[in-house]
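# Structural characterization, general
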Amino acid sequence: METIFYRVAAIDGDYAHLLRTDRDTEDTILVARALLPDEIREGTELKYEMLQYEIIA
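In what follows, the accompanying structure is described.

## Concerning the overall build of the protein
Along the protein, the regular secondary structure elements total zero helices and five strands. Radius of gyration (C-alpha) of the protein: 10 Å, near the 10 Å computed for a compact globule of 57 residues. When each of the 57 residues of the protein is scored for burial, the buried share is 26%. Pairs at least 24 residues apart make up 32% of the contacts formed inside the protein by residues separated by at least 6 positions.

So, in structure tokens, the structure goes:
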């Protein structure tokens, strides 16, 4: 499986907008906060691997 890196661009209620940081793109994806670690804040760096998100910074 591919490893993908994101940064939390914004939190909107029960959802978070994630910006992919390992590719040159301005597009964000919308992810339910229930799938993300509880400790996320705007600016949190995440790694997505094996169908799980993990805080890396």
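What follows picks up the thread again.
## Regarding the pairing of strand E5 (residues 52-55)
Relative to E5, strand E4 (residues 45-49) runs antiparallel, the two being bridged by four bridges. Across the sheet, residue Lys47 finds its bridge partner in E5, namely Glu54. Between E4 and E5, which pair antiparallel and follow one another directly, the connecting turn spans two residues, one of which, Met50, has a positive phi of 55°.

## Concerning the nonpolar core
Within the largest apolar cluster, 10 residues are counted, these being Ile4, Tyr6, Val8, Ala16, Leu18, Val31, Leu36, Ile40, Leu46 and Tyr53. For this core, the secondary-structure elements that each account for two or more residues are strand E1 (4-12) and strand E2 (15-20). Examining the composition of this core, we find that three residues originate from one element, E1, more than from any other. Once residues lying within four places of it in the same chain are set aside, the contact partners of Leu18 are Tyr6, Arg7, Val8, Asp27, Thr28, Ile29, Val31, Leu36, Leu46 and Tyr53.

## Details of the environment of Leu30
If you trace the backbone, Leu30 turns up in strand E3 (residues 28-32). The class of Leu30 is exposed, set by a relative accessible area of 53%. It is 18 Å that separates the C-alpha atoms of Leu30 and Met50, two residues lying 20 residues apart in sequence. Apart from the residues lying within four places of it in its own chain, the contact partners of Leu30 are Tyr15, Ala16 and His17.

Scoring rules and cut-offs
Residues numbered from 1 in each chain as written. Predicted model: local features only at pLDDT ≥ 70, side-chain atom pairs only at ≥ 80, totals over all residues. Heavy atoms only, no water. Helix = DSSP H or I, 4+ residues; strand = E, 2+ residues; numbered from the N terminus. Rg over C-alpha atoms; globule rule 2.2 N^0.38 Å. Buried < 20%, exposed > 50% of the residue type's maximum accessible area, 1.4 Å probe, protein only. Contact = heavy atoms within 4.5 Å. Pairing = 2+ DSSP bridges. Core = buried A, V, L, I, M, F, W, Y, C linked by side-chain atoms within 4.5 Å.

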